[in-house]
Amino acid sequence: MLALVAEFSRWIIPALLLIIPLVAWVKRVKVYETFVAGAEEGFTTAIKIIPYLAAMLIAISVFRASGAMDLLVGAAAPLTRLLGIPGEVLPLAMMRPLSGSGALGLSTELIKTHGPDSFIGRLASTMQGSSDTTFYVLTLYFGSVGIKKYRYSLYTGLLADITSFLASVYIVIKIFG
Amino acid sequence: MVNLVWLGLIVVGVVVAAFTGNIEGVTKAAFEGAELAVQVAFKLIAVLTFWLGMMKLAEAGGLIKLLAALFRPFLRFLFPSIPKDHPAMGAIVMNLSANVLGLGNAATPMGLIAMQEMQKLNRGKPDTASDAMCTFLALNTSCLTLIPTTILAIRIKFGSQDPTEIVGTTIFATACGMVVAVFADRLLRVWYRRRGL
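Residues numbered from 1 in each chain as written. Chains lettered and ligands numbered in written order. Predicted model: local features only at pLDDT ≥ 70, side-chain atom pairs only at ≥ 80, totals over all residues. Heavy atoms only, no water.

Enquirer: Account for the environment of T164 of chain B, with residues named and values stated.
Expert: With respect to the element layout, T164 of chain B can be found in the loop between α8 (149–157) and α9 (167–194). A sequence separation of 16 residues divides T164 of chain B from P148 of chain B, and the C-alpha atoms of the two residues are 9.2 Å apart. (Helix = DSSP H or I, 4+ residues; strand = E, 2+ residues; numbered from the N terminus.)

Structure below.
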């Protein structure tokens, strides 16, 4: 099953690259001109998101560099210990929604130190793979169309992150614990 | 909410840094953050140019509409506010499939196209997220994936005996996150509407 999905992923982009222009050509679309017209928007969209991304990444970067994360981890540790969550993965849990590169660095470090097949290694792998960088996704997607008021999106995103984290701990203990 | 979170991150960051004697770190970090934003945007130019061009072709060729029609029942349930066969539906399907298959650099451009299409349908203020956008991002932040490619590569690098053993646990955890996100989105939508927000 997994090999099949991997094989499919390998072929999907070349297949799209062949099918999309061919179908358009059959439908008498001016393929070259249409592609260029769409591609033109790529540049403007990318430039448009810079202010949004800069605002968010500056705040997250300052927060990370200050060491405030360690204080938060220290404060949350007694609670998570009660739930049977190993303290080693707490920084990763808190970093996951904030910074993609930061979380990847932390999970790589955990896998390296404890070994990929250790309990911590498996838990860190599951946590890293089961969630996305909520703040980045919201900033990027909303920023690209000029949305500044997110309404309840941040709550939904963070609730999903907490759920994925607790579900990771539960399932890794259940399967490998 | 975003204003408070943003301010909170900065204020807590600066104050903690002042107490721990790491105040130079703040200056450096602030500029690094801005630089990272520009780097990310520049990297996106390439994938966005490619995929937005392809998507325009797919739309002109009628493929996006076809895709939207195929997934109609599922999409009608999640996005009742988007008219059937609207291009937004096709872009949403493309984005979600790219996410599931772990094609990160295709997922983002398709997601941004979906946002543009949803913005055209946004009947509220143009700077305020619509219901459909909130649902779409709830799905995206919980990111359902079949193969977590990056983490598999790291596990192989550090000599795992069975790198793929975490695929099952990952799918379980991400599915839990997604289910909660979809339900929370529904509840919050109703709640916000009642309060007129």
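From this point on, the discussion continues.
Enquirer: Mind laying out the packing of aromatic side chains, listing which residues take part and the relevant values?
Expert: If you walk through the whole model with that rule in mind, you get six aromatic pairs over all chains. For the pair Y152 of chain A and Y192 of chain B, a centre-to-centre distance of 5.0 Å together with 65° between the ring planes defines the contact as edge-to-face. Remark: Y192 of chain B occurs in helix α9 and Y152 of chain A occurs in the loop between α8 (134–144) and α9 (153–176); the pair is interchain, linking two chains. In this structure, Y152 of chain A and Y192 of chain B share a single accessibility class: buried. Ring plane angle 35° and centroid distance 6.2 Å describe the contact between Y170 of chain A and F172 of chain B, whose orientation is recorded as tilted. Remark: F172 of chain B occurs in helix α9 and Y170 of chain A occurs in helix α9; the pair is interchain, linking two chains. Grouped by ring-pair contacts, the aromatic residues Y152 of chain A together with W191 and Y192 of chain B constitute a single cluster. Of note, R186 of chain B hangs over the ring of F77 of chain B, and the distance from its end group to the ring centre comes to 4.9 Å. Above the plane of the ring of W191 of chain B lies R195 of chain B, whose end atom (NZ or CZ) is 4.6 Å from the centre. (Phe/Tyr/Trp six-rings, centres within 6.5 Å; stacked < 30°, edge-to-face > 60°. Buried < 20%, exposed > 50% of the residue type's maximum accessible area, 1.4 Å probe, protein only. Lys NZ or Arg CZ within 6 Å of the ring centre and 35° of its normal.)

Enquirer: Lay out the domain arrangement of chain A with the relevant residues and their values.
Expert: By a frequent convention, interface size equals the accessible area lost on bringing the separate parts together. By the assigned domains, chain A splits into domain 1 (1–47) and domain 2 (49–176). A separation of 32 Å is found between the C-alpha centroids of domain 1 of chain A and domain 2 of chain A. (Domains from an automatic or database assignment.)

Enquirer: How would you sum up the nonpolar core? Please name residues and give values.
Expert: With 98 residues, the main nonpolar core has F142 of chain A together with F79, I92, M115, M118 and F136 of chain B as its most contacted residues. Not counting residues up to four positions away in its chain, the partners in contact with F136 of chain B are Y141 of chain A together with F79, I92, N95, G111, A114, M115 and M118 of chain B. In this structure, I111 of chain A together with I147, I151 and L152 of chain B belong to the second largest nonpolar core, which totals seven residues. (Core = buried A, V, L, I, M, F, W, Y, C linked by side-chain atoms within 4.5 Å. Contact = heavy atoms within 4.5 Å.)

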